[in-house]
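Residue-level listing of the chains:
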Amino acid sequence: MMILEKFRMFLKVLGLAILLIFALGVKMTFFDQKPVITVSGEGIAKAAPDLASFTITFASSSPYATEALSSEKTLRQSIVTTLTSLYGVDPVDMQVSFPQLTPARGASGELTYQAVNSLDVKFRMITSIDEAVAVLYKIDNLNVSNLVFTTNNARDLEDQAMKAAVADGKVRADKLAEASGKRLGRMVSLSAGQTQAVGTVATEVSKFDAQNPMAGLIPGQIQLTRNVTLVYEVN
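The following paragraphs examine the structure supplied in this document. Source: prediction; values computed, not measured.

## What to know about the pattern of salt bridges
Part 1 of the argument: All chains considered together, the criterion is met by six salt bridges.
Part 2 of the argument: Linking D93 and R124 is a salt bridge whose minimum nitrogen-to-oxygen distance equals 2.9 Å. Here D93 is found in the loop between α2 (65-87) and β3 (94-96), whereas its partner R124 is found in the loop between β5 (111-123) and α3 (129-136), with 31 residues between them in sequence.
Part 3 of the argument: A residue is classified by how much of its surface remains accessible, and R124, at 44% relative accessible area, is partly exposed.
Part 4 of the argument: In this structure, D174 and K170 form a salt bridge, with 3.0 Å as the shortest nitrogen-oxygen distance. Remark: K170 and D174 occur in helix α4 (residues 154-179); sequence separation between them is four residues, near one turn of the helix.
Part 5 of the argument: Under the relative-accessibility criterion, D174 is labelled partly exposed at 32%.

Spelled out as structure tokens, the structure:
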């Protein structure tokens, strides 16, 4: 019995010791915490576009389903030939979807089938983009949309914008700390805002815009903006 009582007493003393050590640790952590400030930073990077991408949607119709699909195939081959022969578009830079066949009845009740398809294109001869879209619109039953001007060096542009955002946040933090009579300490956290695609988007290019020499589809520069949030200790 004496041994059991001593063991129980030992466990109680050990438990109290652990609680005391934990309480002291929490107290030291609380008092060791330094005040912090949170700031946002914005970085902008610009570059001349050297790549464009767009989507071509095209359709053909016929009273017969097989003829509608056959006409769609012929139309698709005409578009692909135009892009490859005139503007050197590599077949790997063109992604075609599967044609969708839809039946519809006209006003007088006749049945017509329409085959619709789309082609996603990466266009590298960017100085010829205006001419290329105008030439495409000479082909009937198509539409050009989702025109995006971007750069092959998107990663470099991203890095430039992110570095500029962090530097901007650091300047703001310095000014804020100075205004409050403190000195800026170490950075304790950094988070980036929601990213956006690198490029300038024109959702749809009308036939008028494509054939109007004054339209000027190519932007002089594309701009990428990145936002970050920084947390600094202050002393």
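Resuming the write-up.
## As for the sheet that holds strand β7 (residues 184-192)
Part 1 of the argument: Here three strands make up an open sheet; going across it, the order is β1-β9-β7 and the pairing antiparallel. Pairing within the sheet leaves two strands with one partner each, and these edge strands are β1 (36-47) and β7. Going across the sheet, the axis of each strand differs from the next one's by a mean of 30°, ignoring polarity.
Part 2 of the argument: Lying over the sheet, α4 contacts β1, β7 and β9 (222-234), oriented at roughly 145° with respect to β1.

Criteria and cut-off values
- Residues numbered from 1 in each chain as written.
- Predicted model: local features only at pLDDT ≥ 70, side-chain atom pairs only at ≥ 80, totals over all residues.
- Heavy atoms only, no water.
- Salt bridge = Lys/Arg side-chain N within 4 Å of Asp/Glu carboxyl O.
- Helix = DSSP H or I, 4+ residues; strand = E, 2+ residues; numbered from the N terminus.
- Buried < 20%, exposed > 50% of the residue type's maximum accessible area, 1.4 Å probe, protein only.
- Pairing = 2+ DSSP bridges.
- Axes fitted to C-alpha atoms, helices over the stretch in contact; angles between N-to-C directions.
- Contact = heavy atoms within 4.5 Å.

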